[in-house]
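Coordinates in review
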Amino acid sequence: MKNVSHPIVELKGFRDSLRLIIAPDASIEQVELAIKKRMANLGYSLAGTTMNIDIRNETLSDEEMNRVKMLLHETYGLEVERLLDGMGRENEPADNEIHETVADWANEPTPNRKIRGAPALHREENVIKNNFLPKIEEVRYIRHTLRSGQVERFLEGNMIVLGDVNPGAEVIATGDIIVLGVLRGVAHAGALGDTSSVIIALNLVPTQLRIGQFITRPPSGRQASRQKVEIARIREKAIIVEDYSGL
């Protein structure tokens, strides 16, 4: 196997989808093992999510990429929609469809010439990095109560629900979850493993709380109170719920 110094796979949320980024030069065995390790603590809260694969790897064959897609679908319930190149674009035509050398291009009749332009900057790439700017986090607002059977996912930041989350409903975010109502359903913050994420609600009486890989359920008999803001977060490798007094 080849040695790979950087992460073999990364799982990130972008505006268009959840995205699996595969590092260059990793073998199929390394990729499959890395996916299993990365997904081990995430459970099945992402099942049913559509995702793209960002292929920065030029060593995997089409057959091996199909193995990756089958692993994601059959084991974790993730639906692969598109394969992207390292610039976040859909894969371009095969090399034999584009003339790679100046000589080939020059010898082609003018109407048939194809020009490969210089790649544009990745649209998620920061052109200017200013350490003095505050961190800007993405937020999704849900402006209604969630009823049983409804699932809301936001895989690129925080979620704010302007209403209740009823039993049987589920909210999932890669960052924090804030419910300006009663949280009676399931909430999973830090869905890609961020254990610094928190869950805040006017009343916390969930059927289940998850932060990163940690899971908890409320004690039986816990009742909703009126306008008592509470926060759930990780303390000493466990989820604790306490009155909110700030972050």
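Structure: see above.
Overview of the structure.

1. Details of unusual backbone geometry
Residues other than glycine seldom take positive phi values, yet Glu-236 does so here, at roughly 50°. Relative to the helices and strands, Glu-236 resides in the loop between β14 (230-234) and β15 (239-243). The class for Glu-236 is exposed, based on a relative accessible area of 81%. Positive phi, normally seen in glycine, also occurs at Lys-237, with a value near 60°. Tracing the chain through its elements places Lys-237 in the loop between β14 and β15. Here Lys-237 falls in the exposed class, since its relative accessible area comes to 70%.

2. Quick look at the packing of aromatic side chains
Scanning all chains against the criterion turns up zero aromatic pairs. Over the aromatic face of Tyr-141 sits the side chain of Arg-143, whose NZ or CZ is 5.1 Å from the ring centroid.

3. Focus: the packing of helix α1 (residues 28-39) against helix α2 (residues 62-76)
For any two helices packed against each other, the geometry is given by the interaxial angle and the distance between the axes. Contact geometry of α1 with α2 gives a least axis separation of 10 Å together with a crossing angle of 20°. Considering the angle they form, α1 stands roughly parallel to α2. Classified by chirality, the crossing of α2 by α1 is right-handed. The segment α1 lies against α2, with Ile-28, Val-31, Glu-32, Ile-35, Lys-36 and Met-39 engaging Glu-64, Arg-67, Val-68, Leu-71, Leu-72 and Tyr-76.

4. As for the pairing of strand β6 (residues 151-154)
The side-chain alternation of β6 yields one buried face, formed by Glu-152 and Phe-154, and one unburied face, formed by Val-151 and Arg-153. In this structure, β6 lies alongside strand β8 (residues 170-173), joined through four bridges in parallel fashion. Counted as the bridge partner of Arg-153 is Ile-172 from β8.

5. A short note on the pairing of strand β11 (residues 199-204)
Among the six residues in β11, five count as buried, and that is most of the element. As judged from the five bridges shared by strand β9 (residues 177-183) and β11, these two strands associate in the parallel manner. Its bridge partner lying in β11, Val-179 is registered against Ala-201. Sheet topology note: the β11/β14 ladder contains three bridges and is antiparallel. Pairing of Ala-201 across the sheet is with Glu-230, part of β14.

6. Overview of the sheet that holds strand β4 (residues 79-84)
Reading across the sheet, the four strands line up as β1-β2-β3-β4 and stay open at both edges, with mixed pairing between neighbours. This sheet does not close on itself; its edge strands, each paired only once, are β1 (9-13) and β4. Each strand axis lies, on average, 25° off the axis of its neighbour in the sheet, ignoring direction. Sheet topology note: the strand β3 (residues 50-55)/β4 ladder contains five bridges and is parallel. Each residue of the ladder has a partner; that of Ile-53, found in β4, is Leu-83. Sheet strands in contact with α2 are β2 (18-22), β3 and β4, and its direction is about 150° off that of β3.

7. Some points on α1
Here α1 contains 12 residues, and its C-alpha end-to-end distance of 16 Å stays within 8% of the 16 Å for a straight helix at 1.5 Å per residue. Among the residues making up α1, those that are buried are Ile-28, Gln-30, Val-31, Glu-32, Ala-34, Ile-35 and Met-39. On the buried face of α1, the contacting elements are β1, β2 and α2.

8. Some points on a nonpolar patch on the surface
The grouping of Val-139, Tyr-141, Leu-162 and Leu-180 at the surface amounts to a nonpolar patch, some 330 Å² of accessible area in total. Among the residues examined, Val-139 registers a relative accessible area of 35% and is labelled partly exposed.

9. Topic: the sheet that holds strand β10 (residues 186-189)
Across the sheet, which stays open at both edges, the five strands sit in the order β6-β8-β10-β12-β13 with mixed pairing between neighbours. Since the sheet does not close on itself, it has two edges, and those belong to β6 and β13 (214-216), each with one partner. Shown here is a sheet whose adjacent strand axes are inclined to one another by a mean of 10°, direction ignored.

10. Here we look at the nonpolar core
Among the nonpolar cores identified, the biggest contains 28 residues, and Leu-11, Leu-20, Val-31, Ile-35 and Leu-46 are the most heavily contacted of them. Counting only elements with at least two residues in this core, the list comes to β1, β2, α1, β3 and α2. Leaving out residues up to four positions away in the same chain, Val-31 has contacts with Ile-8, Val-9, Ile-22, Ala-26, Leu-60 and Val-68. If you look at the next biggest cluster of nonpolar residues, it comprises 23 residues, including Met-159, Val-165, Leu-204 and Ile-234.

Cut-offs applied
Residues numbered from 1 in each chain as written. Predicted model: local features only at pLDDT ≥ 70, side-chain atom pairs only at ≥ 80, totals over all residues. Heavy atoms only, no water. Helix = DSSP H or I, 4+ residues; strand = E, 2+ residues; numbered from the N terminus. Buried < 20%, exposed > 50% of the residue type's maximum accessible area, 1.4 Å probe, protein only. Phe/Tyr/Trp six-rings, centres within 6.5 Å; stacked < 30°, edge-to-face > 60°. Lys NZ or Arg CZ within 6 Å of the ring centre and 35° of its normal. Axes fitted to C-alpha atoms, helices over the stretch in contact; angles between N-to-C directions. Parallel < 35°, antiparallel > 145°, perpendicular 65-115°, else oblique. Left-handed = near helix turned anticlockwise from the far one by under 90°. Contact = heavy atoms within 4.5 Å. Pairing = 2+ DSSP bridges. Expected span 1.5 Å × (residues − 1). Patch = residues over 30% accessible without salt bridge, like charges linked within 9 Å, V, L, I, M, F, W, Y side chains within 5 Å. Areas by Shrake-Rupley, 256 points an atom, 1.4 Å probe, with all protein chains shown as cover. Salt bridge = Lys/Arg side-chain N within 4 Å of Asp/Glu carboxyl O. Core = buried A, V, L, I, M, F, W, Y, C linked by side-chain atoms within 4.5 Å.

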